[in-house]
Amino acid sequence: MDTSNPAILVNGNLLPTHVRKRVRTVIQVMNSDRGSVIGKSTDDQQLVIKGSPPSTPLTRFVEVIGIADSDKSIQAEIWTNFGDNFDASSFNQLCQLANGEYQHLFL
């Protein structure tokens, strides 16, 4: 596993604190077109994911790794389908731990 360029776990509320950094999040896909995807973060924030999604159809939930280019958008590098069921509450708790007192365990 390559640990030279880690991605910080974020939800919609945490994204603004990591602009211009490499982040990872999970969104619920709401709408997509050729150059971007509109999604809902696991804490109900609307996010814009820029870049071309993979050629395979996106599932309802997608993990995105990329550069946060604003407080509500990410320039995607990697897209991973996470299926049609996802526990958003657990992911939000994980984001809080990864950005709080246990941050040293995640980076």
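Refer to the structure above for everything that follows.
Here is what the cut-offs are and how they apply
- Residues numbered from 1 in each chain as written.
- Predicted model: local features only at pLDDT ≥ 70, side-chain atom pairs only at ≥ 80, totals over all residues.
- Heavy atoms only, no water.
- Pairing = 2+ DSSP bridges.
- Helix = DSSP H or I, 4+ residues; strand = E, 2+ residues; numbered from the N terminus.
- Phe/Tyr/Trp six-rings, centres within 6.5 Å; stacked < 30°, edge-to-face > 60°.
- Buried < 20%, exposed > 50% of the residue type's maximum accessible area, 1.4 Å probe, protein only.
- Salt bridge = Lys/Arg side-chain N within 4 Å of Asp/Glu carboxyl O.
- Core = buried A, V, L, I, M, F, W, Y, C linked by side-chain atoms within 4.5 Å.
- Contact = heavy atoms within 4.5 Å.

Visitor: How would you summarise the pairing of strand 2 (residues 22–32) if you had to cite specific residues and measurements?
Guide: Note that strand 1 (residues 8–9) and strand 2 share two bridges and pair parallel. Each bridged residue has a counterpart across the sheet, and for Leu9 the counterpart in strand 2 is Arg24. Pairing between strand 2 and strand 5 (residues 61–70): seven bridges, direction antiparallel. Residue pairing for strand 5: Arg24 is matched across the bridge by Ile65. Looking at chain direction, strand 2 and strand 3 (residues 36–41) are connected through five bridges and run antiparallel. Directly across from Ser32, in strand 3, lies its bridge partner Val37. Linking strand 2 back to strand 3 in an antiparallel pair, the connection comprises three residues.

Visitor: Before we move on, can you summarise the packing of aromatic side chains with the specific residues and values?
Guide: A ring pair, where both rings are aromatic, is described by two values, the distance of the centres and the angle of the planes. A complete count under the given rule lists three aromatic pairs for this structure. With 5.7 Å between their ring centres and 35° between their planes, Phe61 and Phe86 make a pair best called tilted. Residue Phe61 is located in strand 5, and its partner Phe86 is located in the loop between strand 6 (73–81) and helix 1 (88–98); the two are separated by 25 residues in the primary sequence. Judged by its relative accessible area of 27%, Phe86 is partly exposed.

Visitor: Summarise the pattern of salt bridges; cite the residues concerned and give the values.
Guide: Under the definition given, this model contains four salt bridges. The salt bridge partner of Arg22 is Glu77, with a shortest N-O separation of 2.9 Å. Highlighted residues: Arg22 in strand 2 and Glu77 in strand 6, separated in sequence by 55 residues. Of the residues examined, Glu77 reaches a relative accessible area of 42% and is grouped as partly exposed.

Visitor: Any chance you could break down the nonpolar core for me, citing the residues and the numbers?
Guide: Generally speaking, soluble globular proteins have nonpolar side chains that are buried together. Core analysis: the biggest nonpolar cluster contains 21 residues, and Leu15, Ile49, Val64 and Trp79 have the highest contact counts within it. Sorting the residues of this core by element identifies strand 1, strand 2, strand 4 (46–50), strand 5, strand 6 and helix 1 as the ones contributing at least two each. It is strand 5 that provides the largest number of residues to this core, a total of four residues. Setting aside its immediate chain neighbours within four residues, Val64 contacts Val23, Arg24, Thr25, Ile49, Ile74, Ala76, Ile78 and Trp79.

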